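Residue strings, one per chain:
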Amino acid sequence: MDKDDADCRPLIKCTAETLDDEVLEELYVTSQTELQLCIKYAVKRMLAELTPSEAEGVITQVIHAQLDNAPLRLFDTTAGLLCDREARINIFKTSTEYKELLSFAMENPNMRMFRIEKVTMSYFGCVMLSHRTRSLYELNAVGGILKLQTFCKIARDAGYHWAWSDTCCIDKNNNIEFQESLNSMFLWYRHSALTIVYLSDVPPSSKSGALAESEWIRRGWTVGEFLAPKVIRFFQKDWTPYLDDNSPNHKQSVAIMQELGRATGILPNALVAFHPGMKDTRVKLQWASTRVTTRQEDIAYSLFGIFNIHCLSALYGEKKHNALGRLLQEIVAQSGDITALDWVGKSSEFNSCLPDDITAYKAPPSMATSLPGDEMQTSVSLLRNTVGVELASEFYTLLDKLSPPRFANRRLHLPCIVFRVTVVRRRRDRDLEGTYFKYEVKADGLHDLLITTQDKPSQFSRAMDTRQTLLLVHPWSRNFLEPPAVTDDIESVSDSSMAASLLYDFPLESRSPGIAIYSPPWSASQVFFRQPFSAFMLAQQPGGEYKRIMSDFNITAQVRDTASVRSMMDVRILEIL
């Protein structure tokens with residue numbers, strides 16, 4: 001607000017307090033001063049006392065916003081009854097908390113919204129149960145009923161009115177409700193006031209290490225159930241806290257989080273503060289690769305929330321390769337992330353570039369991404385006399401023009417750097433056990449390499465007999481061209497010749513510690529000529545499309561020499577079945 005506006009503040013205050021509503025509503029806003037007058041009036045109206053019906057309307061709006069992130073059905077921990085959302089609202093409106101809140105909302109405008117949100121969040125906060133049901137008939141047994149009763153009692157003793165368990169709180173006969181529950185479950189755990197993990201196979205007074213041995217930790221659905229919540233507590237078979245830790249949140253327990261991290265391979269920061277989404281796709285798939293589920297399709301459905309995917313439905317009976325295929329297809333379609341193609345094992349019937357089973361992701365990621373800043377600078381410095389700026393820039397331009405990967409009708413349109421295979425020759429190796437086969441492969445522009453596979457690929461023999469086209473490809477993503485974040489010590493340089501001068505004329509050894517040297521955008525493509533990369537083999541089909549040839553080990557390739565780089569720069573989009 002400038003000086004003239006500041007001088008008007010007493011007038012604004014006086015006018016807003018003396019003019020009636022009709023006069024103020026008729027004011028036509030033509031200047032900043034008049035706009036401030038109207039804002040002042042709007043604030044005054046907002047802070048005015050409310051009638052009982054107005055206060056009730058405001059509270060109801062806040063309640064509905066709270067319940068949008070809550071399960072459809074919950075146990076009333078006091079009465080033991082199963083209640084839908086409307087029932088919970090009706091119970092709240094008969095409570096003492098509601099009557100006191102209604103009175104406060106009418107008489108205290110300054111703190112109204114803060115108090116409404118605080119009270120409703122406290123009242124409607126729910127406790128979620130994460131457990132492993134050992135028997136299909138457990139719910140009908142005394143043990144199953146006792147588990148629910150004890151769970152609700154612990155939730156009630158902790159001050160919560162509502163509790164949720166998957167065994168009773170989802171109507172599985174209602175397909176609409178069932179689909180909504182599956183797609184919302186991660187969100188429900190995310191917004192829970194508390195998540196209780198019941199370890200039915202961990203004896204009382206167990207020592208550290210028992211959690212890692214529990215069957216609960218190997219189940220598919222439990223990944224999201226311990227990543228999503230902000231507050232979580234682990235209980236042993238007798239419902240005493242694990243490791244006798246009575247703290248209100250075991251995510252703040254160093255001992256428990258370290259044990260959980262070692263058992264799952266998930267880093268502590270992700271365990272404590274996980275963010276759903278498609279970042280680090282390959283790492284998340286590795287987390288799930290050792291998990292098991294009762295229904296084979298659930299290994300994919302249980303990951304919907306972790307990847308923040310809400311547009312897919314559960315189609316039980318479609319088989320695991322289709323469920324996993326639909327999930328991976330959606331990840332590639334939404335994010336353009338191709339690290340999901342980094343696996344070894346059997347190809348899926350859904351698409352040959354996708355795995356048949358989640359276990360194909362057990363091996364650590366091998367697909368190359370952009371190098372860390374210091375490695376990038378070292379590699380570029382070493383290459384400045386072998387790979388010219390012009391060649392690197394030309395290669396970068398080819399890559400930069402590629403469209404992002406996409407799926408259409410189960411067909412993957414994948415940008416690739418392509419190397420034509422010229423020789424495939426089986427190599428006899430007595431050291432190989434069982435049915436493993438080893439093949440020597442030669443490809444234009446690449447060092448010779450060996451491919452080992454457990455099954456004898458029919459594509460190899462067919463290709464050698466019919467001269468079928470085989471390709472070794474480096475799948476490409478624009479993410480590989482993005483240099484790592486650097487400090488702002490050197491301003492951005494747009495002119496390529498000036499960039500090259502900065503890069504090559506400033507000796508690597510003379511850099512001051514902590515100062516990042518500017519890397520032009522084509523430097524990533526320059527480093528590609530030197531770095532080994534993860535590749536896979538494709539066989540051309542009669543219609544011109546390609547299929548991926550399975551391999552039980554990662555295929556690591558490397559450009560043979562830079563002298564022939566220009567002649568082998570085959571960059572294109574391949575359609576893969």
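Note that the structure is predicted; figures quoted are calculated from it, not measured.

Looking now at the overall build of the chain. The secondary structure content of the chain amounts to 22 helices and 15 strands. Per-residue burial over the chain gives 48% buried out of 577 residues. Restricting the contact set of the chain to residue pairs at least 6 apart, pairs at least 24 apart contribute 67%. As displayed, the chain has an accessible area near 29100 Å², and 51% of this comes from carbon and sulfur atoms.

Before going further, it helps to spend a moment on helix α15 (residues 281-288). Counting buried residues in α15 gives six out of eight residues, a clear majority hidden from the surface. The set of residues buried in α15 consists of T281, R282, K284, L285, W287 and A288. Next to the buried residues of α15 lie α12 (222-227), α14 (268-272), α16 (298-301) and α17 (320-335).

What follows concerns the side chain of S289. Position of S289 among the secondary structure elements: in the loop between α15 and α16. A distance of 2.7 Å separates a polar atom in the side chain of S289 from the backbone oxygen of Q286. The residues contacting S289, other than those within four sequence positions of it, are I358, T359, Y361 and K362.

Right, let's get into the pattern of salt bridges. Counted by the stated rule, this structure contains 13 salt bridges. Across the pair R132 and E215 runs a salt bridge whose closest N-O atoms are separated by 3.2 Å. Note that R132 is positioned in the loop between β3 (126-131) and α9 (142-157) and E215 in the loop between α11 (210-213) and α12, a separation of 83 residues in sequence. E215 sits in the partly exposed class, given a relative accessible area of 22%. Here the salt bridges do not stand alone but share partners, grouping R425, R427, E440, K442 and D448 into one network.

In a pair of packed helices, the angle between the axes and the distance between the axes together describe the arrangement. Between helix α5 (residues 52-67) and helix α8 (residues 112-124), the least distance of the axes is 10 Å, while the angle of their chain directions is 45°. Accordingly, the angle class assigned to the pair α5 and α8 is oblique. As for the relative orientation of α5 and α8, their crossing is right-handed in sense. Residues V58, I59, V62, I63, Q66 and L67 of α5 touch α8, and the partners they reach there are M113, I116, E117, T120, M121 and F124.

A few words on the sheet that holds strand β5 (residues 194-198). Taken together, six strands build an open sheet; the order of strands is β2-β1-β4-β3-β5-β6 and the sheet is mixed. The open sheet is flanked by β2 (82-84) and β6 (232-235), the only strands paired with a single partner. The mean inter-strand angle of the sheet, taken between neighbouring strand axes irrespective of direction, is 35°.

A few words on the pairing of strand β11 (residues 470-475). For β11, the buried fraction is high: six of the six residues fall into the buried class. Neither face of β11 is open: one carries L470, L472 and H474, the other L471, V473 and P475, and all of them are buried.

This paragraph deals with the pairing of strand β10 (residues 449-453). For β10, the tally of buried residues reaches four of five residues, placing the bulk of the element in the interior. Pairing geometry for strand β9 (residues 437-443) and β10, over five bridges, is antiparallel. Note that in β10 the partner of F437 across the bridge is T453. Turn length for the β9-β10 hairpin, with the two strands adjacent in sequence and antiparallel, is five residues, and the turn residue G445 shows positive phi of about 85°.

A separate point is the packing of α5 against helix α7 (residues 96-107). Orientation of α5 relative to α7, taken along the N-to-C sense of each, is 115°, at an axis distance of 9 Å. In terms of orientation, α5 lies roughly perpendicular with respect to α7. Pair α5 / α7 crosses with right-handed handedness. Only Y98, L101, L102, A105 and M106 of α7 make contact with α5, whose side of the interface consists of P52, A55, E56 and I59. When grouped by side-chain class, the residues that make up the contact of α5 with α7 number eight nonpolar, no polar and one charged.

A word on unusual backbone geometry. The phi angle at D280 is positive, at roughly 55°, despite the residue not being glycine. Of note, D280 is situated in the loop between α14 and α15. The backbone of R410 sits at a positive phi, close to 70°, despite the residue not being glycine. By the element assignment, R410 lies in the loop between β7 (406-408) and β8 (411-427).

A word on the packing of aromatic side chains. Here the distance between the centres and the angle between the planes together describe a pair of aromatic rings. Evaluated as defined, the whole model comprises 17 aromatic pairs. Between F186 and F274, the ring centres sit 6.1 Å apart and the planes meet at 70°, which makes this aromatic pair edge-to-face. Placement of the pair is F186 in helix α10 (residues 175-190) and F274 in the loop between α14 and α15, with a sequence separation of 88 residues. Taking the relative accessible area as the measure of exposure, F274 reaches 3% and is therefore buried. On the basis of an interplanar angle of 85° and a centroid distance of 5.8 Å, the ring pair of W216 and F234 is categorised as edge-to-face. One end of the pair, W216, is in the loop between α11 and α12; the other, F234, is in strand β6, and 18 residues separate them in sequence. Comparing W216 with F234, the two get one shared label, buried. A connected cluster of aromatic rings, assembled from ring pairs, spans F92, Y98, Y123, F124 and W162. The residue whose ring lies beneath R115 is F104, and the NZ or CZ to ring-centre distance is 4.5 Å.

Of the residues in the chain, 73% have a pLDDT of 70 or more, and the chain-wide mean is 80. Across residues 369-373, where pLDDT falls below 50, the model places eleven contacts with residues more than four positions away in sequence or in other chains. Under a pLDDT of 50 for its full length, residues 375-384 has, in the predicted model, 27 contacts with residues more than four places off or in other chains.

A C-alpha to C-alpha distance of 9.7 Å links F274 and G224, two positions 50 residues apart in sequence. Setting aside residues no more than four positions away along its own chain, F274 makes contact with F186, R190, L227, N269, K284, W287 and I306.

Reading guide: rules and limits
- Counting restarts for each chain: residues are numbered from 1 in the order of the written sequence.
- Owing to the predicted nature of the model, reporting of local features is limited to residues with pLDDT of at least 70; listing and counting of side-chain atom pairs is limited to 80 or more, with chain, interface and lining totals taken over all residues.
- No hydrogens and no water enter the side-chain calculation; it runs on all heavy atoms of the structure.
- Counting from the N terminus, the helices are DSSP H or I runs at least four residues long and the strands are E runs at least two residues long.
- Only protein chains enter the calculation, and the probe is 1.4 Å; a residue is then buried if its accessible area is under 20% of its type maximum, exposed if over 50%, and partly exposed in between.
- Only heavy atoms enter the contact rule, under which two residues are in contact if any of them lie within 4.5 Å.
- Note on areas: Shrake-Rupley, 1.4 Å probe, and residue coverage restricted to the protein chains presented here.
- We call two N or O atoms a polar contact when they sit within 3.5 Å, provided that within protein one can donate a hydrogen and the other can accept it, with sequence-adjacent residues counted only if both atoms are side-chain atoms.
- By definition, a salt bridge exists where a carboxyl oxygen of Asp or Glu is found within 4 Å of a side-chain nitrogen of Lys or Arg.
- Note on geometry: axes are lines fitted to C-alpha atoms, helical ones only across the stretch in contact, with angles between N-to-C directions running from 0 to 180 degrees.
- Should an angle fall under 35 degrees it is taken as roughly parallel, and over 145 as roughly antiparallel, whereas 65 to 115 is taken as roughly perpendicular and any remaining angle as oblique.
- Left-handed describes a crossing whose near helix is turned anticlockwise from the far helix by less than a right angle; the clockwise case is right-handed.
- Between any two strands, pairing holds if DSSP finds at least two bridges.
- When residue character is reported, Ala, Val, Leu, Ile, Met, Phe, Trp, Tyr, Cys and Pro are called nonpolar, Asp, Glu, Lys and Arg charged, and the others, Gly included, polar.
- Stacked, edge-to-face and tilted are the three classes for Phe, Tyr and Trp ring pairs, Trp counted by its six-membered ring, which pair at centre distances within 6.5 Å; planes under 30 degrees apart are stacked, over 60 edge-to-face, the rest tilted.
- Here, over-ring charges are defined by two tests on the NZ atom of lysine or the CZ atom of arginine: distance to the ring centre within 6 Å, and angle to the ring normal within 35 degrees.
- Confidence per residue, as judged by the predictor, is encoded in pLDDT with a range of 0 to 100.

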